[in-house]
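The primary structure of each chain is shown beneath.
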Amino acid sequence: MSNTASRRSFLTKAWTAGAGALAATAAWTSWDLLQPIVSSGFGGKVRSVAPTAVPETGVIEVPAARAYLTRVNGEVVALSEKCTHLGCRTPFCDSSGRFECPCHGSVFNRAGDYAAGPAPRGMDRYPVEEGEDGLLYIDTGTLLEGPATGTQTIDEPPLGPSCSEESGHA
Ligand code: FES
């Protein structure tokens, strides 16, 4: 075989391999772009739990979303744990069944409705939707303003003493 034929054969194989690699890369990129966004950290869509894990009368904390999930009239609601007064983290008090801000005493019922204190409205919330994998995704990039003072979406009086009463800080 001559040198010219050998070089032509080599170049043909090299071009074929390069075109194959390029096609494979393009196919992978297209496939990857068409996949749904499955999960991200705070500021994006945060994967949480299955809808069946959200209690009817309690809450479940999703630390990665800095939020709580609960049910309000059958619908799953994601509540931001940031107090609408000055932004303190507002934990759920199991004994009272309410959210109680430790900073200045704002209180919200289980649905995040305003109940007491200096907060200007109910707890802010995030959109939540079920993904193709059957889990709930909390869109922490979209903060929705909480309900106005006076809104009562559920009728649940306090279950018992507040956490501040229990710890002697009332
Ligand atoms: S930050 Fe919650 S009451 Fe002030």
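Before any of the text, the structure's been laid out above.
Treat the numbers as computed from the prediction; the structure is a model and nothing was measured. (Residues numbered from 1 in each chain as written. Predicted model: local features only at pLDDT ≥ 70, side-chain atom pairs only at ≥ 80, totals over all residues. Heavy atoms only, no water.)

Draft legend 1. A look at the packing of aromatic side chains. Under the defined criterion, the tally for this structure stands at two aromatic pairs. Ring centres 5.0 Å apart and planes at 70° place the aromatic pair Tyr68 and Phe99 in the edge-to-face group. You can see Tyr68 sitting in strand S3 (residues 67–72) and its partner Phe99 sitting in strand S6 (residues 98–100), a full 31 residues away along the chain. Residue classification places Phe99 among the buried residues on the basis of a relative accessible area of 0%. Judged by centre distance (5.0 Å) and plane angle (70°), the ring pair of Phe92 and Phe99 falls under edge-to-face. (Phe/Tyr/Trp six-rings, centres within 6.5 Å; stacked < 30°, edge-to-face > 60°. Helix = DSSP H or I, 4+ residues; strand = E, 2+ residues; numbered from the N terminus. Buried < 20%, exposed > 50% of the residue type's maximum accessible area, 1.4 Å probe, protein only.)

Draft legend 2. Spotlight on the sheet that holds S3. Reading across the sheet, the four strands line up as S2-S3-S4-S9 and stay open at both edges, with antiparallel pairing between neighbours. At either end of the open sheet lies a strand with only one pairing partner, and these are strand S2 (59–62) and strand S9 (125–126). Where strand S4 (residues 75–80) lies against S9, two bridges are found, and the strand directions are antiparallel. Each residue of the ladder has a partner; that of Leu79, found in S9, is Arg125. (Pairing = 2+ DSSP bridges.)

By themselves, these observations are geometric and do not establish any function.
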